[in-house]
Each structure stands twice: as C-alpha cells, then as structure tokens.
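Coordinate analysis (summary)
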Amino acid sequence: DVKVTQSSRYLVKRTGEKVFLECVQDMDHENMFWYRQDPGLGLRLIYFSYDVKMKEKGDIPEGYSVSREKKERFSLILESASTNQTSMYLCASSSSGRAETQYFGPGTRLLVL
Amino acid sequence: QQQVKQSPQFLIVQKGGIPIINCAYENTAFDYFPWYQQFPGKGPALLIAIRPDVSEKKEGRFTISFNKSAKQFSLHIMDSQPGDSATYFCAASRGFGNEKLTFGTGTRLTIIP
C-alpha cells in the first residue's frame, strides 16, 4: 500500500528557531512536494522536487528551503521560524509523468510562538 | 494569483441531498482536473478526475461535470451520506510532463443525518 509519512503530527516551536520537517515515501516516486494548508487559502505549493538533489520553487517559497539527498526523503526547512508560518504542512509524492495523482502524508501541524 | 477558484467555502446538506461544488479556472493550458477528498486528521486523497475531452465522468455516487467553453467544472455527490463529510479540493494540471497541481481553496462539506 502506498505510504507517505511525515516525521511529526504536531510541532511547537519558538520564533527564530530552525525547524526541520521530514517526509518519507516508500513508493519509489520521483516527484515530491511540500504544501501548506490554511483555511480559506487551500493548498499552496512551497517547493517541489523532480529528482534527487533537484528542487524547484513553488508559489510561496519565501522563508523556506528544502533538501532532497535521497529519493525517498524530502525535507522542508524553516531557517528562522516566524509566527506567520504557523500552519498545516503537507508532503506529497507522485510518479514521474503521473503528477496528477499525488499521494499525501497526514500532515504536520506547526505552531510557532 | 489564484488560477483555480472554488466555491462555496462551506456547504451543509441534508442526508440524501446532492451537494454541488464548483470550480473555475483561467489557464486554458490546463487539461487535467482532479478532485481530492480530505477527512479530518488525514492528507487529501484523489477522489475522481476528468480530462476535457469528455463533459461528464461518474464514479459511484460522485460525478464531475465539465464545461470547457465556460472553463468551469463541478463535483456532484448523489445520495449524500454523513460519511461524505470532508473537505473537497478541486485542482488543475497542465498534464503530462508538467508535474504540478494548482489547487482550489477547498470546500468543507457537512452532511446532516
């Protein structure tokens, strides 16, 4: 069965802290994505990656970076967390050429105080 | 810039009724239109999808209607059940070779017993 796991379901961090959100998929997918989900704003793409060590900016990359050292793992980094980054973060993966079918993890709810 | 507009944001329907969620897009290059369903505490999951060469697609109680000239598509749920209560997202993609999905803002649907 398809599985995307995220390292934490809930996180509480302080303003200015460096935050790492980890995502692992077991489907050998080439593509991986990070979204944030906010009420009334839907899912907004932060970064995505088509392959190991490749990354592309999404629609809202400011304040975030990513790392993809292994095919199965895609990390989202908040270099200096701010309160406006309090949100639900969702990771997804898809097979190359079939990006329309994205498989999502359960999400990490991040609270920045 | 919101390329996929979704309405309504909230929808309450009695059991057995037919909730309808509408989406409109601007980019005529979009050629794949999926709907994702998200239950509380879970990530979104692909529900049903359509390509613009057909005007309607049915899968069980879920139907997508597509109007290419109006650049609109909608999700209908026949004989709705309380278990259909979830958040629904429409999305659009430029298809093969372009790996991103652009999501609508979401509709929180509640089916009252």
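Rules of the game
- Residues numbered from 1 in each chain as written.
- Chains lettered and ligands numbered in written order.
- Predicted model: local features only at pLDDT ≥ 70, side-chain atom pairs only at ≥ 80, totals over all residues.
- Heavy atoms only, no water.
- Helix = DSSP H or I, 4+ residues; strand = E, 2+ residues; numbered from the N terminus.
- Rg over C-alpha atoms; globule rule 2.2 N^0.38 Å.
- Buried < 20%, exposed > 50% of the residue type's maximum accessible area, 1.4 Å probe, protein only.
- Contact = heavy atoms within 4.5 Å.

Let's talk about the overall build of chain B
From N to C terminus, chain B includes zero helices and 11 strands. Helices and strands appear in chain B in the N-to-C order β-β-β-β-β-β-β-β-β-β-β. Over its C-alpha trace chain B gives a radius of gyration of 13 Å, about what one expects of a compact globule, namely 13 Å for 113 residues. Along the three orthogonal principal directions, the C-alpha set of chain B runs to about 40 × 30 × 20 Å. Counting all 113 residues of chain B, 46% fall into the buried class. In chain B, 53% of the contacts between residues at least 6 apart in sequence involve partners at least 24 apart.

Focus: the environment of Q3(B)
Residue and element names in this part refer to chain B. Position of Q3 relative to the elements: it lies in the segment before strand 1 (4-7). Note: C-alpha distance between Q3 and G43 (40 residues apart in sequence) is 22 Å. Residues within four places of Q3 in sequence aside, it is in contact with A24, Y25, E26, N27, F30 and T102.

Quick look at unusual backbone geometry
All names here are of chain B. The omega torsion of the bond from S7 to P8 falls at -5°, within 30 degrees of zero and hence cis. Residue placement: P8 occurs in the loop between strand 1 and strand 2 (10-14). Non-glycine residue D79 carries a positive phi angle of around 45°. Here D79 shows up in the loop between strand 8 (72-77) and strand 9 (86-92). The partly exposed category is assigned to D79, whose relative accessible area is 43%.

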